[in-house]
Each structure stands twice: as structure tokens, then as C-alpha cells.
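Residues per chain are reported as follows:
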2 protein chains.
Amino acid sequence: MNHEETLKPALIRRLVRYCHYIQARHAIECARTISSVEIASYTDVDESQVRKDLSAIKVSGTPRIGYQTPEVIHAIHHELGFEHDLLAVIVGAGHLGSALARYRGFEHYGLRVVAIFDTAPEKVNTVVAELVVEPIERLGRVIGETGVKTAILTVSPDAAEDIAHRLARAGIKAIWNFVPARFKAPDGVFIRHQHLSTGLAELAYFLKKAPDN
Amino acid sequence: MNHEETLKPALIRRLVRYCHYIQARHAIECARTISSVEIASYTDVDESQVRKDLSAIKVSGTPRIGYQTPEVIHAIHHELGFEHDLLAVIVGAGHLGSALARYRGFEHYGLRVVAIFDTAPEKVNTVVAELVVEPIERLGRVIGETGVKTAILTVSPDAAEDIAHRLARAGIKAIWNFVPARFKAPDGVFIRHQHLSTGLAELAYFLKKAPDN
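A.B. asks: Looking at this model, I keep getting lost on the overall build of chain A. Mind explaining?
C.D. replies: Of regular secondary structure, chain A possesses eight helices and ten strands. Dimensions of chain A, computed from the C-alpha atoms along their principal axes, are close to 60 × 50 × 35 Å. Contacts in chain A between residues far apart in sequence, at least 24 positions, make up 53% of those at least 6 positions apart. For chain A, the accessible area works out to roughly 9,800 Å², and carbon and sulfur atoms hold 49% of it.

A.B. asks: Please explain helix 3 (residues 47-56) of chain B as it appears in this structure.
C.D. replies: Every α-helical turn comprises 3.6 residues, leaving residues that sit three or four positions apart pointing alike. All names here are of chain B. Residues of helix 3 that are buried: Val-50, Asp-53 and Leu-54. The buried side chains of helix 3 occupy one side of the element, clustering within an arc of 95° when seen end-on. One or two residues past the end of helix 3 sits Lys-58, with phi positive at roughly 65°.

A.B. asks: Which parts of the structure should I look at to understand the interface of chain A and chain B?
C.D. replies: Much of the literature gives interface size as the accessible area that the parts lose upon coming together. Counting residues at the interface gives 65 residues for chain A and 65 residues for chain B. With both chains or domains summed, chain A and chain B bury close to 6,500 Å², and 70% of this area falls on carbon and sulfur atoms. At the boundary of chain A with chain B, the tally comes to six salt bridges. A:Arg182 serves as the salt-bridge partner of B:Asp44, at 3.8 Å between the closest nitrogen and oxygen. Across the contact surface, chain A and chain B share twelve residue pairs in polar contact (both at pLDDT 80 or more). Among the secondary structure elements, those contributing two or more residues to the side of chain A that touches chain B are helix 1 (9-29), helix 2 (36-43), helix 4 (69-80), helix 5 (95-102), strand 9 (174-177), strand 10 (190-193) and helix 8 (196-209) of chain A. By residue number, the principal contributor to the side of chain A that touches chain B is helix 8 of chain A, which donates 14 residues. Looking at the side of chain A that touches chain B, its residues break down into 33 nonpolar, 16 polar and 16 charged.

A.B. asks: Would you take a moment to explain the pattern of salt bridges for this structure?
C.D. replies: Opposite charge on two side chains allows them to pair when their charged atoms are near. As enumerated under the stated definition, the model contains 14 salt bridges over all chains in all. For B:Arg112, the salt bridge is made with B:Asp85, and the minimal N-O distance between the two is 3.1 Å. Taken together, the residues B:Arg112 in strand 4 (residues 111-118) and B:Asp85 in the loop between helix 4 (69-80) and strand 3 (86-91) connect sequence positions 27 residues apart. A single salt-bridge network, built from bridges that share partners, covers A:Arg13, A:Arg192 and B:Glu202.

A.B. asks: Can you help me understand the nonpolar core in this one?
C.D. replies: Within soluble globular proteins, side chains that are nonpolar tend to cluster in buried spots. By size, the foremost hydrophobic cluster in this structure holds 102 residues, and its most contacted members are A:Tyr18, A:Leu54, A:Leu80, B:Tyr18, B:Leu54 and B:Leu80. Contact partners of A:Leu80, with chain neighbours within four places excluded, come to A:Leu7, A:Ile12, A:Leu15, A:Val16, B:Ala201, B:Ala204, B:Tyr205 and B:Lys208.

A.B. asks: Looking at this model, I keep getting lost on helix 2 (residues 36-43) of chain B. Mind explaining?
C.D. replies: All names here are of chain B. Among the residues of helix 2, Ser-36, Ile-39, Ala-40 and Thr-43 are the ones counted as buried. Along helix 2, the residues classed as buried sweep out an arc of 100° about the axis, all on the same side. In the segment just after helix 2, Asp-44 is the residue with positive phi, at about 55°.

A.B. asks: When you look at the environment of B:Glu122 in this model, what are you seeing that I'm missing?
C.D. replies: All names here are of chain B. Following the sequence through the fold, Glu-122 ends up in the loop between strand 4 and strand 5 (127-128). Taking the relative accessible area as the measure of exposure, Glu-122 reaches 62% and is therefore exposed. For Glu-122 and Ala-204, which are 82 residues apart along the polypeptide, the C-alpha to C-alpha distance reads 35 Å.

Calculation criteria
Residues numbered from 1 in each chain as written. Chains lettered and ligands numbered in written order. Predicted model: local features only at pLDDT ≥ 70, side-chain atom pairs only at ≥ 80, totals over all residues. Heavy atoms only, no water. Helix = DSSP H or I, 4+ residues; strand = E, 2+ residues; numbered from the N terminus. Contact = heavy atoms within 4.5 Å. Areas by Shrake-Rupley, 256 points an atom, 1.4 Å probe, with all protein chains shown as cover. Buried < 20%, exposed > 50% of the residue type's maximum accessible area, 1.4 Å probe, protein only. Arc of directions from axis to C-beta. Buried area = accessible area lost by both parts, 1.4 Å probe. Salt bridge = Lys/Arg side-chain N within 4 Å of Asp/Glu carboxyl O. Polar contact = N/O pair within 3.5 Å; in protein donor to acceptor, adjacent residues only side chain to side chain. Nonpolar A, V, L, I, M, F, W, Y, C, P; charged D, E, K, R; others polar. Core = buried A, V, L, I, M, F, W, Y, C linked by side-chain atoms within 4.5 Å.

Everything listed is a geometric property; what it means functionally is a separate question.
In C-alpha cells:
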């Protein structure tokens, strides 16, 4: 895929799904090859869509054999930019912010948290995932010095919009928002809302509607 | 909405978005009324869609005044089943599982974690969010005794499918899967995949494509 083209969010999400499934299969069964039928069946995607998506990132399979597993994983990582370090700061050192700082599951994707901030004096100077929690006032300086472009937002809902604008002024270009609040992105900043409660809502609704409840 | 109808996942997601935005506005500014234009503008949804969605859950606004904020919040909570306690067990007492157990942000949605399990002997009998971590062998008994129908899955990718099937045999009907692995849902079980790395992938890709990076 050449650099003038941009992948659509839905394609990015499908590629991540394929990757999850193929990596797990590769890790558990050391499967060297994998078919589009199999990928399709485990990821709830149409088989022809799987082939089209992989072809869009220049991965081609062999008839009756399928795709080479390591090649598919490498191509997806390369296309999505997982090979590069993704430096990030976390704002909000509560339970969720601390867990994200400690979570090892993001290392595959190149995420490296370089600083963590909080407004609460009792959290400042505590240690989370080998990082000393810094006061929010240091935000601008740390972002300026490290050149980090990504922030993970886990503050309280009433503080989220204000902090997002402070982050933007400090030079942040992409915000991963875990705060259950909607607000407009500051100019020039990409916000990816990650509202966990949406998943919870779908579960609650499923159980409410399930016949034996 | 009568009980024969079922809300589509996309509608559920939009209702949760509206709710996030309206709750935040209500909390910060005590806004008693809110217009569909305002909801639309902050939630990236078409104005006519907002009106249609709220009308689908029997909320109606007044011309030039808008919707009564508490009424909208109440209707969404009621429709999605947030008024009822949603009992859940967590399987996997790592960083993410522990954070989810402690996270207060889910209380609005009725989530109450009643037990947490892990396979690692060194985690068993430690205390997380006032719950003693139990060995995985107790899964069936605890689920049977409490009648809980929901499980939150935060184990390692290679264990996820096996644990999902154990949960199903024990009587779990809905699984909220945080494990970055795809697997087929056991018969009769609803799985909501919550793959955080998808959000991360979108951020990484945005930064890779951003002009000044």
C-alpha cells in the first residue's frame, strides 16, 4: 500500500482482529500457514473480505496452502506502524491509568509509557510501573522535552475536556480517551474514544433480553 | 419499546454515548434540558438520528426547549438494564483484571464484581478490591452458588478459549473478553470482545500517517 492511501478505521480494526487470531494460533500450535477460510471463520469476517484486506496490504496466499503465518503478522505490524516505538504519557494515575501503565499486553504494539501525571497531591511522587507520578503542572515541560505525541487520558469526566486542551497546547497529537465523557477534539488532535462502558452496556442488555433471565 | 423488539448493537452504542455526554453536562452545568442539536454535535451523530433514537426508547422533547435531562438519562438506563445489578466474576487477577475489579466507573452501570479468580498460586489468597483471589478450581462452585451470569476475562491469550468453555459449563451466559485473542463463543454464550489494542492500533496508524511525524 503506497503512502498516498490511507486505511479506513474498519480495515484497521479487521487487521488487528486477524493479527490477534493468527498470533494466538501461531503461538499455541506453531501453525506455519493459515487459510483465509480459517481466519474468516474465527474473526466473523467474510472470507472474500479477508482475502481483499490481506491483498490490500500486499500479502498473497498460495492456493490450497494458504498464507505464511509469520508473513501475515509482519505485514500487519508493518502496515499499522507497530514496529516503531509509540511513546505516550498517561494523565490520571487512578486504578485504570495505573493498570494501563503496568499492562504488558501493549508491548507488542510498541507502546512505551514515558510519564504519568495526576492532579491529586497524594498521588504525586508515588511510583507506578517504575515511573514517579508527576504533578499536572509538569505536563507541558515533559511533553516538550520528550517530544511525545500520544496521551492516554484516564482522569475524571469533569476534568477530561480541560486536560485534553492542555495536552493539545503542549504538543500532543493523538489522545486515547478512557474517560466516559464525550467532548470535541482540540484542533489538529485525533481522539480515539475507548469507552469501556459501551461493552458493559451490550452485556447488560444481552442479559436483560436473554430468555432464561 | 416493547419486549419483542431488540435494540441493535449500534443503537446501544449510540445510547451509551448520549448518556455519557448528557450525564457530564448535567453534572458540570446542572443543565435541566438539552437539545438534539447539542447532543448530535458532541456525539458525532446526525441530529435526525438522535431524535429517532430517543423516540425509539419513548423519550420525547419539547420544541424550542429540548429534552428533560434527567428523563433522558433515566430512560437510557432503564432501556439498557443499568438499573439492575449486573453481578460478574473476573477471571485473571493481573494488572488489568485487578484494575477492572477496583474501577469505580462501572458502578453507574450496575456492575458488581462478586469474585475474582486466578490460576497462579502466588496470586491466590491475595486481596483485590476487598475480594480474596480464588483458585480457578472454585469457578464452578462459586458461579453455581451465586447464580452469576457474567464473566470478565483477563487471562493470557493461550488460556482464554479453555477458560471460556469452563465458564460456559459453569453457567455463564455473557463474557466480556479483554484478552487479545479471538475464539468462538461456546454454545449459548454471548461474547463481547473488548480489544484495547484496536484503539492503540488506530492511534499508532494515525501518528504514522500524520504529516509532521
